[in-house]
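Examination of the molecular architecture
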Amino acid sequence: MLLGPPGAGKGTQAARLARPWHIPHISTGAMLREAVHSGTPLGLEVKAIIERGGLIDDGVITQVVRARLERPDAAAGFLLDGFPRTVPQGRALDEFLTDRAPLTVVEIALSETEILRRLAARMICSECGVNSQDDRDYANCIDCGGQLVPRVDDAEEVVRRRIEVYHQQTAPLVGYYEARPTYCRVEGSQLADQVTQEILKAVAQVRST
Ligand code: AMP
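Residues numbered from 1 in each chain as written. Predicted model: local features only at pLDDT ≥ 70, side-chain atom pairs only at ≥ 80, totals over all residues. Heavy atoms only, no water.

Points about the site of the ligand
Condition: Any residue with a heavy atom lying within 4 Å of a molecule or strand is counted as near it. Contacts described as polar in this section are N or O atom pairs within 3.5 Å, which, within protein, must combine one atom able to donate a hydrogen with one able to accept it, while residues neighboring in sequence count only if both atoms come from side chains. Values of accessible area rely on a 1.4 Å probe in the Shrake-Rupley scheme; residue burial ignores everything except the protein chains shown. A run of H or I in DSSP becomes a helix once it reaches four residues, and a run of E becomes a strand once it reaches two; helices and strands are each numbered from the N terminus.
Around the ligand sit 16 residues, and of these Thr28, Arg33, Gly54, Gly82 and Gln89 come closest. Here isoleucine 56 contributes a backbone N or O atom positioned 3.0 Å from a nitrogen atom of the ligand. Contact with the protein chains removes 96% of the 480 Å² of surface that the ligand exposes when unbound. A total of four residues in the shell around the ligand trace back to one element, the largest contributor, which is helix α2 (residues 28-38).

Here it is as structure tokens:
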């Protein structure tokens, strides 16, 4: 599971790691954006909350994740990006994972100045919702060719709200997990390749103890 503030690079790193590990990359943000894009009942329920930079109700998002984790492709493992985001979500995940291998938690740390700088520059595909990869200057999505646009919730005032929400509701998860032997922390301000290498090293280390 990847934990960290908005813009820390969770999505970028999850996409890079899930492929060689042959496990699904489960991004709750991407699932919710897809629901909004397709106009499903869930999408209609969450659209305004996402646009304001708030969090979806714990019960609702936990149910969405639970249903996703029960699919056969997640039986041998999965990489969570954006969930859990509150301590109650963390508790629900622990409960769901009882009798499974312990959850490996990687915190990607990033300063507030760097968060603001990165999110101001971030682009997302208007078609498939994937973040444009790394810091490369593509005009179109490398996955589907769709047009890249800024994310509505990356507007500066929404980012400030998301950072506030992170400090109030998500950062307490650091305290919830950090005493576990399967917890590790990497510095997210480095180049994406370096962050990937550090995550691989840290995960190998905690999983061997
Ligand atoms: P992300 O792409 O992870 O930054 O998520 C985008 C937005 O989706 C967040 O700002 C929240 O509004 C919502 N969201 C994603 N994951 C969660 C979650 N685990 N709990 C509540 N809201 C979430």
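Next comes the rest of the write-up.
What about unusual backbone geometry?
For clarity, the threshold we go by: Think of it in three bands: residues with accessible area under 20% of the maximum for their type are buried, residues over 50% are exposed, and the middle band is partly exposed, with areas taken using a 1.4 Å probe on protein chains only.
Geometrically, the link from phenylalanine 83 to proline 84 is a cis peptide bond, its omega value of -5° lying close to zero. Structurally, the position occupied by proline 84 is in the loop between β3 (79-81) and α5 (87-96). Backbone geometry at histidine 22 places phi at a positive 55°, although glycine is not the residue there. Within the element layout of this structure, histidine 22 appears in the loop between α1 (10-21) and β2 (25-27). Despite not being glycine, aspartate 99 has its phi angle at roughly 75°, a positive value. Turning to its location among the elements, aspartate 99 is positioned in the loop between α5 and β4 (105-109). Judged by relative accessible area, which is 78%, aspartate 99 ranks as exposed.

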